[in-house]
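Close look at the chain arrangement
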Amino acid sequence: MDRYLVFGHPVRHSKSPFIHTLFARQTQQELEYGLAEPAIDEFAHALRTFFDQGGKGCNVTVPFKEQAFTLVDRLSPRAKRAGAVNTIKLTDDGVLLGDNTDGAGLVADLKSHGVTLADSRILLLGAGGAARGALAPLLAELPSELVIANRTHAKAQQLAAEFCDLGHVTAQTYEQLAGPFDLVINSTSASLQGELPPLAPALIHTDIAIYDMMYGASDTAFVGWAKRQGARQTMDGLGMLVEQAAEAFTVWRGIRPGTKQVLRELKRNLGVI
Ligand code: ATR
């Protein structure tokens, strides 16, 4: 049977096996999907061993995405732009192709929530790997402006400079931000510590769309905060997780699974509904 897995550390709580097993069932594809948690300095070896032993493809998650970028034979244009790889496919001619489906997953999830990106004014919080992966797919939707704000301003400036060929991207400090924005995307890892990016409450209005790339069984710190400021449309990253997986599955199998039912089952599994 064709073998796939996700590499991460820690990875025990990954929902990817659950999601891909449901995709496989739904599309009647014969495959198995497992987990691998190599020691931090053992990833390159573990990756090579997996493919030497007949593995067909894998996902890569924290903290290995940047390293995976350096280990594949060929990169997709979107992986090149993201500077990170979350999906690897062994092609028929034996080439390890590195791809990145995170940004496409974000955009697909935003659209499935009815968020309009074209001509919108987007605020992207954070300038780490998650922000970098989101930028090209977001700019491809032709927003009127995309502003990056980051605690370490120089990193936002660097990202804006790197992506300015793709659209109207600027970097501003949290203090400089002036609304109104149509959409705020939190790509920071602040929610992991239950912290909030230092965003002025005045920037949140009832018609703004709020997206936190993090997710949990209950509201993330950022989603909870935005709701208290009056935001009516708030989304967390669970849908992005399912959509990036669907995109990876499509890369591997050439068939696109439906995501709605799988997302519902995942929410049930997490105890969200
Ligand atoms: P990832 O790959 O998930 O993006 P990362 O590259 O470590 O992770 O980046 C984390 C991002 O969250 C950074 O933009 C970080 O800001 P700094 O560049 O200033 O470190 C941001 N971040 C983390 N904790 C934060 C907090 N409490 N408030 C604001 N930003 C935070």
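Residues numbered from 1 in each chain as written. Predicted model: local features only at pLDDT ≥ 70, side-chain atom pairs only at ≥ 80, totals over all residues. Heavy atoms only, no water.

**Re the overall build of the protein chain**
Note the cut-off: Runs of E in the DSSP output that reach at least two residues are strands. Runs of H or I that reach at least four are helices, and both are numbered from the N terminus. Throughout, radius of gyration means the C-alpha value; the globule benchmark is 2.2 Å times the number of residues raised to the power 0.38. A simple rule labels every residue: compare its accessible area, found with a 1.4 Å probe on the protein chains alone, to the largest value its type can have, and call it buried under 20%, exposed over 50%, or partly exposed in between. In this analysis, two residues are considered to be in contact whenever any of their non-hydrogen atoms come within 4.5 Å of each other.
Secondary structure assignment for the protein chain yields 10 helices and 12 strands. On C-alpha atoms alone, the protein chain measures out to a radius of gyration of 18 Å, which is about the 19 Å that the 2.2 N^0.38 rule sets for 273 residues. In terms of overall dimensions, the protein chain has a C-alpha envelope of 55 × 40 × 35 Å along the principal axes. When burial is assessed residue by residue, the protein chain has 51% of its 273 residues classed as buried. Partitioning the intrachain contacts of the protein chain with sequence separation of at least 6 by distance along the chain shows that 68% fall at a separation of at least 24.

**A look at the site of the ligand**
The cut-off we apply is this: In this text, near means that some heavy atom of the residue lies within 4 Å of the molecule or strand in question. Identification of polar contacts relies on pairs of N or O atoms within 3.5 Å, with a donor-acceptor requirement for protein atoms, meaning one able to donate a hydrogen and the other able to accept it, and with residues adjacent in sequence counted only if both atoms are side-chain atoms. Values of accessible area rely on a 1.4 Å probe in the Shrake-Rupley scheme; residue burial ignores everything except the protein chains shown. Three classes are used, and their members are as follows: Ala, Val, Leu, Ile, Met, Phe, Trp, Tyr, Cys and Pro are nonpolar, Asp, Glu, Lys and Arg are charged, and the others, Gly among them, are polar.
Residues in contact with the ligand amount to 14 residues; listed here are only the nearest, Ala130, Asn150, Thr152, Lys155 and Glu195. A distance of 3.0 Å is found between an oxygen atom of the ligand and a backbone nitrogen or oxygen belonging to Gly129. At 2.7 Å from an oxygen atom of the ligand is found a side-chain nitrogen or oxygen belonging to Asn150. Against a free-state accessible area of 640 Å², the protein chains account for coverage of 75% of the ligand. In terms of residue class, the shell around the ligand is built from 4 nonpolar, 7 polar and 3 charged.

**Some thoughts on the sheet that holds strand β1 (residues 2-7)**
Using the following cut-off: Pairing between strands is defined by DSSP: at least two bridges between the two strands are required. Interaxial angle, 0 to 180 degrees, is taken between N-to-C directions of lines fitted to C-alpha atoms, where a helix line uses only the stretch in contact.
The sheet built from 6 strands is open, its strands ordered β2-β1-β3-β5-β6-β4 with mixed pairing. Every other strand in the sheet has two partners, leaving β2 (31-36) and β4 (74-75) as the edge strands with one partner each. Of the pairings in the sheet, the one linking strand β3 (residues 57-60) to strand β5 (residues 87-90) comprises 3 bridges and is antiparallel in character. What sits directly across from Asn59, in β5, is Thr87. With respect to the sheet, helix α9 (residues 238-253) is in contact with β1, β2, β3, β5 and β6 (96-99), its orientation differing from that of β5 by roughly 10°.

**As for the sheet that holds strand β9 (residues 169-172)**
Ordered by their spatial adjacency, 6 strands build an open sheet running β9-β8-β7-β10-β11-β12, and the pairing between neighbours is parallel. Looking along the sheet, the strands with just one partner apiece sit at the ends: β9 and β12 (233-236). If you compare each strand with its neighbour and ignore which way they point, the axes differ by 20° on average. The pairing of strand β7 (residues 121-125) with strand β8 (residues 145-149) spans 5 bridges and is classified as parallel. Bridge pairing links Ile122 to Leu146 in β8. Strands β7, β8, β9 and β10 (183-186) of the sheet are contacted by helix α6 (residues 129-139), whose axis makes an angle of about 170° with β8.

**Description of the packing of α9 against helix α10 (residues 260-270)**
Applied cut-off: Any angle that falls under 35 degrees is termed roughly parallel, while one over 145 is termed roughly antiparallel, one within 65 to 115 roughly perpendicular, and all others oblique. Left-handed is the label given to a crossing in which the near helix is rotated counterclockwise from the far helix by less than a right angle, and right-handed is the label when the rotation is clockwise.
One way to put it is that α9 packs onto α10 with a least axis distance of 10 Å and a crossing angle of 130°. Taken together, the axis directions place α9 and α10 in an arrangement best described as oblique. Seen from above, α9 lies across α10 with right-handed handedness. On α10, the residues touching Leu238, Gly239, Leu241 and Val242 of α9 are Val262, Leu263, Leu266, Lys267 and Leu270. Of the residues that constitute the contact of α9 with α10, the class distribution is 7 nonpolar, 1 polar and 1 charged.

**Considering helix α5 (residues 102-112)**
Every buried residue of α5 is listed here: Asp102, Gly103, Gly105, Leu106, Val107, Asp109 and Leu110. Among the structural elements, α3 (65-71), α6, β10, β11 (209-212), β12 and α9 are those in contact with the buried residues of α5. Looking at the residues trailing α5, positive phi occurs at Gly114, about 80°.

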